[in-house]
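Listed below are the residues making up each chain.
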Amino acid sequence: MVKRLLVRAGIGLAVAAAVKVGIQKLQENRAREEDHSYLDPKWDEVPSVDSDKDEDEVGLTQLDSIYRAEWQANAYPRSEAERKALEE
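About the criteria used
- Residues numbered from 1 in each chain as written.
- Predicted model: local features only at pLDDT ≥ 70, side-chain atom pairs only at ≥ 80, totals over all residues.
- Heavy atoms only, no water.
- Helix = DSSP H or I, 4+ residues; strand = E, 2+ residues; numbered from the N terminus.
- Buried < 20%, exposed > 50% of the residue type's maximum accessible area, 1.4 Å probe, protein only.
- Contact = heavy atoms within 4.5 Å.
- Areas by Shrake-Rupley, 256 points an atom, 1.4 Å probe, with all protein chains shown as cover.
- Salt bridge = Lys/Arg side-chain N within 4 Å of Asp/Glu carboxyl O.
- Phe/Tyr/Trp six-rings, centres within 6.5 Å; stacked < 30°, edge-to-face > 60°.

(A) Spatial organisation of the overall build of the protein chain. The helix and strand tally for the protein chain stands at 3 helices and 0 strands. Secondary structure of the protein chain in N-to-C order comes out as α-α-α. In the protein chain, which comprises 88 residues, the share counted as buried stands at 7%. For the protein chain, restricting intrachain contacts to residue pairs at least 6 apart in sequence, the fraction spanning at least 24 positions comes to 0%. For the protein chain, the accessible surface area stands at approximately 8100 Å², while carbon and sulfur atoms represent 57% of it.

Spelled out as structure tokens, the structure:
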């Protein structure tokens, strides 16, 4: 009788562990599906959203616009002449 009880308890624990692992995998998949915007590969194909507001953005892709904003924030020189002037 004790042996039967231990076998049933062991089977119950194994089933509970399998269910827990399955639930964790489902939660991980849902979390991955919800946040994938940073992996959007179309940034280099979609035109800049600011192209209608800013003349300098016309013809740029969304990725180019992001790089341009970063360069402006870090004050990169726009041309070789500006870079040489800064070095002097």
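(B) Spotlight on the pattern of salt bridges. The full count for this structure, using the stated rule, is 4 salt bridges. Among the ionic pairs, K53 bridges to D50, the shortest N-O distance being 3.8 Å. Of the residues examined, K53 reaches a relative accessible area of 68% and is grouped as exposed. Between R68 and E57 there is a salt bridge; the shortest N-O distance is 2.9 Å. With a gap of 11 residues between them, R68 in helix 2 (residues 62-73) and E57 in the loop between helix 1 (2-34) and helix 2 connect regions that are remote in the sequence. With a relative accessible area of 5%, E57 lands in the buried category.

(C) Molecular detail of the environment of V46. Topologically, V46 is positioned in the loop between helix 1 and helix 2. With 17 residues separating them in the primary sequence, V46 and L63 have C-alpha atoms 8.3 Å apart. Setting aside residues no more than four positions away along its own chain, V46 makes contact with T61 and Q62.

(D) Geometry of the packing of aromatic side chains. Evaluation of the coordinates by the stated rule reveals 1 aromatic pair. The interplanar angle of 20° and the centroid separation of 6.3 Å between the aromatic rings of Y67 and W71 together place this pair among those described as stacked. Here the residue Y67 and the residue W71 both occupy positions in helix 2, the gap between them amounting to 4 residues, near one helical turn. The exposure class assigned to Y67 is partly exposed, which follows from its relative accessible area of 38%. With relative accessibility at 47%, the residue W71 sits in the partly exposed group.

(E) Representation of the environment of Q62 within the structure. Relative to the helices and strands, Q62 is located in helix 2. Distance in space between the C-alpha atoms of Q62 and E45 is 7.5 Å, their sequence separation being 17 residues. When near neighbours in sequence (up to four residues on either side) are disregarded, Q62 contacts W43, V46, P47, S48 and V49.

None of this, on its own, says anything about what the molecule does.
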